[in-house]
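# Commentary on secondary and tertiary structure
Each chain, letter by letter, is given below.
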Amino acid sequence: MTKAYDYDLFVIGAGSGGVRASRIAAAHGARVAVAEEYRVGGTCVIRGCVPKKLFVYASQFSEEFEDAEGYGWTVGETSFSWAKLLANKDREIDRLNGIYIRNLENSGVKIFQSRAVLKDAHTVHLVAEDRDVTADKILIATGGTPFKPASVPGIEHAITSNEAFHLDELPSHGIVVGGGYIAVEFAGIFNGLGVETTLMYRREKILRNFDEDLRDGLMEEMQKKGVDLRVNTDIASIERKGKTLIATLRDGSTIETGFIMYATGRVPNSHGLGLEELGVKLKKNGAIEVDPFSQTHVPNIYAVGDVTDRVALTPIAIREGQAFAETVFNNNPIAVDHSIIPTAVFSQPELGTVGLSEHEAREKFGDANVDVYKTSFRPMKHTMTGRHEKTFMKLVVDAKTDKVLGVHMMGSGSGETIQTVGIAVTFGATKKQFDQTVAVHPTAAEELVTLKQKWAPPAAKAAD
Ligand code: FAD
């Protein structure tokens, strides 16, 4: 580390990855500064995971009120205030934003409230202050931004998840476009809050890359809950008439709606930072190319999190930020392992997944070498509510080694459960070890350690 520069490390972006990297580097004695152009905390805290989950909680009450009757409760007339939810959510986000700022300051990190761009490999220009600062190492942790297809006429009338967190009012009808986890989660949120919701996706099934049973199961359950799911279709154009938006679909049909939210992917925030001019290589989609230690093609410039488009999840950005700081400022080289990542989709019902899908396992090991165990049942709670919601669980097992390759769940609490099951899968637990684990009764998750019957495709069963 050299005093020839103002800082040992300058981090651009105070989101999940940038904040973790800043704090760990400072803890190892580095002089660290971070620039943030919007709000400290980044996407996850300010307009991602956290407010999204708060909205999910809010939207679940409508079903809870209905279900309560089966257990003897009489729920009086209910009403919902979007304005109150927004105000309470904003207060909580302000609180978290304050904690993030204090944590950085208490770690000795200097915060610049400004957009930052690179002038050369060691010089950062602070746009808001119109001045330069220098640093030995630079970390790009600028995250991603929602994508809206510019080719759709009238696209300027559509919103993204960014604006969905601040809608002035909640219209009676809304369209969510996309098939990824953010689209699916927001469709559930709006539907639960009483908005007639259309989820529109241009392919055949939502949640590409997830296990097929989860994809099919969630589509069925979302429709049962009243989401108007339209696949193999897309919006051709959007027109505004007063407060109403008119979406014209590819087949010429139209839908009148109050809002159209695009959740059709996110693009890395890498443009306009001066990176290409310096020789930092970007992929076609703008993702910064890095080695396993998050180093770019310019040796003193590193990048972590969504801007590298490895796996766009908060815990991964945090790990990459931590690994970078350990590698560069503590002489402790760490490459983040992206191979097994437990993750949840806060859809309704919720999904939890870790490891290989059945399809991936069959492709990797061959049909004969993959055993599948699965179960689908009505959860105990709903035996008294009359709600026809299914819980689903599946284990994908390596037939040769007995190792559990993947676990896939749909149903209440799947996110919580998959975090714990993720430990077993990460450390290579076998199906026999799952079976040796004592069940917790009565829970839904006990099925994971009591699955006995190997599943066979219907054709094979018929041949038995
Ligand atoms: P970010 O957190 O995006 O931080 C980047 C920061 O850089 C931003 O604050 C931005 O303002 C700032 N910035 C950008 N350019 C500049 C510049 N030039 N100068 C200064 N500052 C700049 N992940 C999960 O794990 N679980 C979830 O449930 C989940 N839900 C999500 C829901 C939504 C609606 C969205 C959008 C995302 C969700 N994610 C979730 C993903 C998660 O938010 C991201 O993976 C994570 O925030 C990535 O962290 P990051 O540090 O790479 O970037």
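All values derive from a computational prediction rather than experimental measurement. (Residues numbered from 1 in each chain as written. Predicted model: local features only at pLDDT ≥ 70, side-chain atom pairs only at ≥ 80, totals over all residues. Heavy atoms only, no water.)

### Here's the deal with the environment of Phe346
Which entries qualify depends on this criterion: Here a strand is any run of E in DSSP of at least two residues, a helix any run of H or I of at least four, and the numbering for each starts at the N terminus. Exposure categories follow from relative accessible area, calculated using a 1.4 Å probe and restricted to protein chains: below 20% of the type maximum is buried, above 50% is exposed, and the middle band is partly exposed. A contact between two residues is defined here by any heavy atoms of the two lying within 4.5 Å.
Relative to the helices and strands, Phe346 is located in the loop between strand E17 (343–345) and strand E18 (351–355). Taking the relative accessible area as the measure of exposure, Phe346 reaches 19% and is therefore buried. Sequence-wise, Phe346 and Asn88 are 258 residues apart; in three dimensions their C-alpha atoms are separated by 20 Å. Setting aside anything within four residues of it in sequence, one finds Phe346 in contact with Lys52, Lys53, Val56 and Glu185.

### Here we look at the sheet that holds strand E21 (residues 404–410)
Definition in use: When DSSP finds two or more bridges between two strands, those strands count as paired. To get an axis, fit a line to the C-alpha atoms, keeping to the stretch in contact for a helix; angles then go from 0 to 180 degrees between the N-to-C directions.
If you walk across this open sheet you meet the 5 strands as E17-E18-E21-E20-E19, and the pairing is antiparallel. Where the open sheet ends on each side, the last strands, each with one partner, are E17 and strand E19 (370–377). In this sheet, adjacent strand axes meet at a mean angle of 15° when their direction is disregarded. Bridge count for E17 against E18 is 3 bridges, and the pairing is antiparallel. Residue pairing in the sheet places Ala344 in a bridge with Gly352 of E18.

### So, the site of the ligand
Under the convention used in this document: The near set for a molecule or strand comprises every residue that places at least one heavy atom within 4 Å of it. Any pair of nitrogen or oxygen atoms within 3.5 Å is treated as a polar contact; in protein, a donor-acceptor pairing is required on top of that, and neighbouring residues in sequence qualify only through side-chain atoms on both sides. To measure how exposed things are, a 1.4 Å probe is used in the Shrake-Rupley method; for residues, cover is taken only from the protein chains shown. Residues are grouped as follows: Ala, Val, Leu, Ile, Met, Phe, Trp, Tyr, Cys and Pro are nonpolar; Asp, Glu, Lys and Arg are charged; every other residue, Gly included, is polar.
Residues in contact with the ligand amount to 38 residues; listed here are only the nearest, Gly17, Glu36, Thr43, Lys52 and Asp306. For the ligand, an oxygen atom lies 3.2 Å from a polar atom in the backbone of Ser16. One of the side-chain N or O atoms of Arg115 is found 3.1 Å from a nitrogen atom in the ligand. Relative to its unbound accessible area of 1000 Å², the ligand is 95% covered by the protein chains. Element by element, the count of residues in the shell around the ligand is highest for helix H2 (residues 42–47), at 4 residues. Among the residues making up the shell around the ligand, the classes are represented as 16 nonpolar, 14 polar and 8 charged.

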